[in-house]
Amino acid sequence: MFITKIVRANNRGISTMNNLTVEPNWSFGQAVFFAGTVLTTIGYGHVSPLSTSGKLFCIFYAIIGIPITLIMISACVERLLIITNKLYDKLKTFSIFYRSNSTINLKALTYTHLALVFVFVLIVFFLLPATIFSSIEKEWNYLDALYYCFISLTTIGLGDYIPGDKNEQPYRAFYKIATTFYLIVGIMFVMLFISVLTQIPELNLAKLLSLEMETSSDPERQLLTSDAPTSSSYSRQIDEDDSLSINHSSRY
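Keep in mind that this is a model prediction, so the values were computed, not measured.

Chemist: Hey, could you run me through the overall build of the protein in this one?
Modeler: Helices and strands together make up the secondary structure of the protein, namely 10 helices and 0 strands. Expressed as a percentage of contacts within the protein between residues at least 6 apart in sequence, the contacts between residues at least 24 apart total 62%. Accessible area for the protein stands at about 16,000 Å²; split by element, carbon and sulfur atoms hold 67% of it.

In C-alpha cells, the structure reads:
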C-alpha cells in the first residue's frame, strides 16, 4: 500500500527521489500549463485534479473554454491566411512561374507556395523549439525534443515527455507559461498549414472522398451538394488566372 502511494505521487509529478521542500504541485506556472493543455485538448494527464470540486470545475471549464479556444484559433488562422495569400500573389510576379507563351504555371506556383509555408512551420515550430527544449531539458536528446514538439502540436499528448517537470528547474513558472504560449501558437500555425494544404483541390482529401456523394442519384444529396460551395480559394484563383492568361494571349 505504501509503495502504491509513492508510485501514485510520482505519477502526479511529486518528487519521490529527493527529500527536500519544493514548490506546490499546483503552482501558478503549473496551473497555467494545465489550463493550456486542457483548452488545446492536448491533455498530457500528468497533472490532474483530485478533489470533487476540482473535477467538476475542470468539466465546466473545458465545456466553455475549448469551443472558445477553437473559435479564437480559427479566427487567427483566417487572419494568417490573408498573409499567406499575399505571399501567393507575390510569387505570381516571379518570371520563373511563367511559360514561354506567357501563361502561368499554376501547379508549380501552388506547390511552391505550399512548400514555403511548410518549411516555415517546420523550422519555426518544430526544429528550433526542439533545439531549445533539448538544451534546457538535460535528460532529453534532440530526437526526444522533436518528438515532444510533434506529439504536442498534433494534440496527441501522450504525456511521456513533459517540459519543466524537474523540481530543480530554474525559472520553472516562467518556463511553464512560455511553453503554454508556444503550444497555443504552434497549434495555430499547424492549422494554418493544414488550411493552405486543403485549399489545393488535388490534396483536399475531404473533397476527393466526397466525390461519390456528389455523383449519387439521391435527390436529397444532390440538393445538399448543389447548395454547398464547391470551389476553394485556390480553385477560384486558378480559374481567374486561366481566364486572364487567355485574354492576355488573345491580345497578341
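On we go.
Chemist: Whenever I open this one, the packing of aromatic side chains confuses me. Can you help?
Modeler: Centre distance and the angle of the planes are the two values used to describe a pair of aromatic rings. For the coordinates displayed, the defined rule picks out 14 aromatic pairs. Ring centres 6.0 Å apart and planes at 25° place the aromatic pair Tyr44 and Tyr148 in the stacked group. Within this pair, whereas Tyr44 is found in the loop between α2 (28–39) and α3 (52–91), its partner Tyr148 is found in helix α5 (residues 142–153), the two being separated by 104 residues in sequence. Accessibility expressed as a relative area gives 9% for Tyr44, which makes it buried. Residue classification places Tyr148 among the buried positions, given a relative accessible area of 2%. Ring geometry for Phe133 and Trp140: centres 6.2 Å apart, planes at 45°, overall tilted.

Chemist: Please explain the environment of Ser135 as it appears in this structure.
Modeler: Structurally, the position occupied by Ser135 is in helix α4 (residues 106–136). Residues Ser135 and Ala145 lie 10 residues apart in sequence; the distance between their C-alpha atoms is 9.2 Å.

Chemist: What's the story with a nonpolar patch on the surface in this structure? I'm lost.
Modeler: A cluster of nonpolar side chains, namely Phe118, Val119, Phe120, Leu122, Ile123, Val124, Leu127, Leu128 and Tyr142, defines an oily patch on the protein surface of about 710 Å² accessible area. Among the elements that line the nonpolar patch, the one with the most residues is α4, at 8 residues.

Chemist: Is there a simple way to think about the nonpolar core in this case?
Modeler: The nonpolar side chains of soluble globular proteins are, as a tendency, buried together. Phe125, Phe133, Tyr148, Leu153 and Leu183 are the most contacted members of the largest nonpolar core, which totals 32 residues. Breaking this core down by element, the ones donating at least two residues are α3, α4, α5 and α6 (172–198). Per-element accounting of this core gives the leading share, 11 residues, to α6. Tyr88, Leu91, Leu106 and Leu109 belong to the second largest nonpolar core, which has 6 residues in total.

Chemist: So what exactly am I meant to see when it comes to α2 here?
Modeler: Turn by turn, an α-helix covers 3.6 residues, leaving residues three or four places apart pointing in a common direction. Here α2 spans 16 Å end to end across 12 residues, near enough to the 16 Å set by a 1.5 Å rise per residue. Burial analysis of α2 places 9 of its 12 residues in the buried class, the great majority of the element. For α2, the complete set of buried residues consists of Gly29, Gln30, Phe33, Phe34, Ala35, Gly36, Thr37, Val38 and Leu39. Taken together, the buried residues of α2 touch α3, α5 and α6.

Chemist: What is the right way to read the pattern of salt bridges from this model?
Modeler: When their charged atoms lie close together, side chains carrying opposite charge are able to pair. Within the structure shown, the criterion is met by 2 salt bridges. Between Glu78 and Arg79 there is a salt bridge, and its shortest N-O distance comes to 3.9 Å. Between Asp165 and Lys176 there is a salt bridge, with the nearest N and O atoms lying 3.3 Å from each other. Of this pair, Asp165 sits in the loop between α5 and α6 while Lys176 sits in helix α6; the two residues are 11 residues apart in sequence, bridging distant segments of the chain. Under the relative-accessibility criterion, Lys176 is labelled buried at 2%.

Chemist: Please explain the side chain of Thr179 as it appears in this structure.
Modeler: Turning to its location among the elements, Thr179 is positioned in helix α6. Look past the residues within four positions of Thr179 in its chain and what remains in contact with it is Phe33, Phe133, Tyr148 and Pro163.

Chemist: Looking at this structure, I do not really get the packing of α4 against α5. What am I missing?
Modeler: Geometry of a packed helix pair, given as the angle between the helix axes and the separation of the axes. Contact geometry of α4 with α5 gives a least axis separation of 8 Å together with a crossing angle of 130°. If you check the angle between α4 and α5, you find them oblique. As for the relative orientation of α4 and α5, their crossing is right-handed in sense. Judged by residue contacts, Phe125, Phe126, Leu127, Pro129, Ala130, Thr131, Phe133 and Ser134 of α4 engage Tyr142, Ala145, Leu146, Tyr148, Cys149, Phe150 and Leu153 from α5. Partitioned by chemical class, the residues of the contact of α4 with α5 number 13 nonpolar, 2 polar and no charged.

Chemist: Where do I start with the layout of surface pockets in this structure?
Modeler: Over the atoms a probe the size of a water molecule is rolled, and this reveals where empty space is left. For the second largest pocket, the calculated volume is near 190 Å³. In this structure, the second largest pocket is lined by Pro129, Ile132, Phe133, Ile136, Gln169, Pro170, Tyr171, Phe174, Tyr175, Ala178, Thr179 and Tyr182. Listed by contribution, the elements that provide at least two residues to the lining of the second largest pocket are α4 and α6. With 5 residues, α6 is the single largest residue contributor to the lining of the second largest pocket. For the lining of the second largest pocket, a count of residues per class yields 10 nonpolar, 2 polar and no charged.

Cut-offs and rules
- Residues numbered from 1 in each chain as written.
- Predicted model: local features only at pLDDT ≥ 70, side-chain atom pairs only at ≥ 80, totals over all residues.
- Heavy atoms only, no water.
- Helix = DSSP H or I, 4+ residues; strand = E, 2+ residues; numbered from the N terminus.
- Contact = heavy atoms within 4.5 Å.
- Areas by Shrake-Rupley, 256 points an atom, 1.4 Å probe, with all protein chains shown as cover.
- Phe/Tyr/Trp six-rings, centres within 6.5 Å; stacked < 30°, edge-to-face > 60°.
- Buried < 20%, exposed > 50% of the residue type's maximum accessible area, 1.4 Å probe, protein only.
- Patch = residues over 30% accessible without salt bridge, like charges linked within 9 Å, V, L, I, M, F, W, Y side chains within 5 Å.
- Salt bridge = Lys/Arg side-chain N within 4 Å of Asp/Glu carboxyl O.
- Core = buried A, V, L, I, M, F, W, Y, C linked by side-chain atoms within 4.5 Å.
- Expected span 1.5 Å × (residues − 1).
- Axes fitted to C-alpha atoms, helices over the stretch in contact; angles between N-to-C directions.
- Parallel < 35°, antiparallel > 145°, perpendicular 65-115°, else oblique.
- Left-handed = near helix turned anticlockwise from the far one by under 90°.
- Nonpolar A, V, L, I, M, F, W, Y, C, P; charged D, E, K, R; others polar.
- 1 Å grid on protein atoms, 1.4 Å probe; cavity = no way out; pocket = protein on both sides within 12 Å on 5 of 7 lines; lining within 4 Å.
- Points joined across faces, edges and corners; volume = space filled by probe spheres on them.

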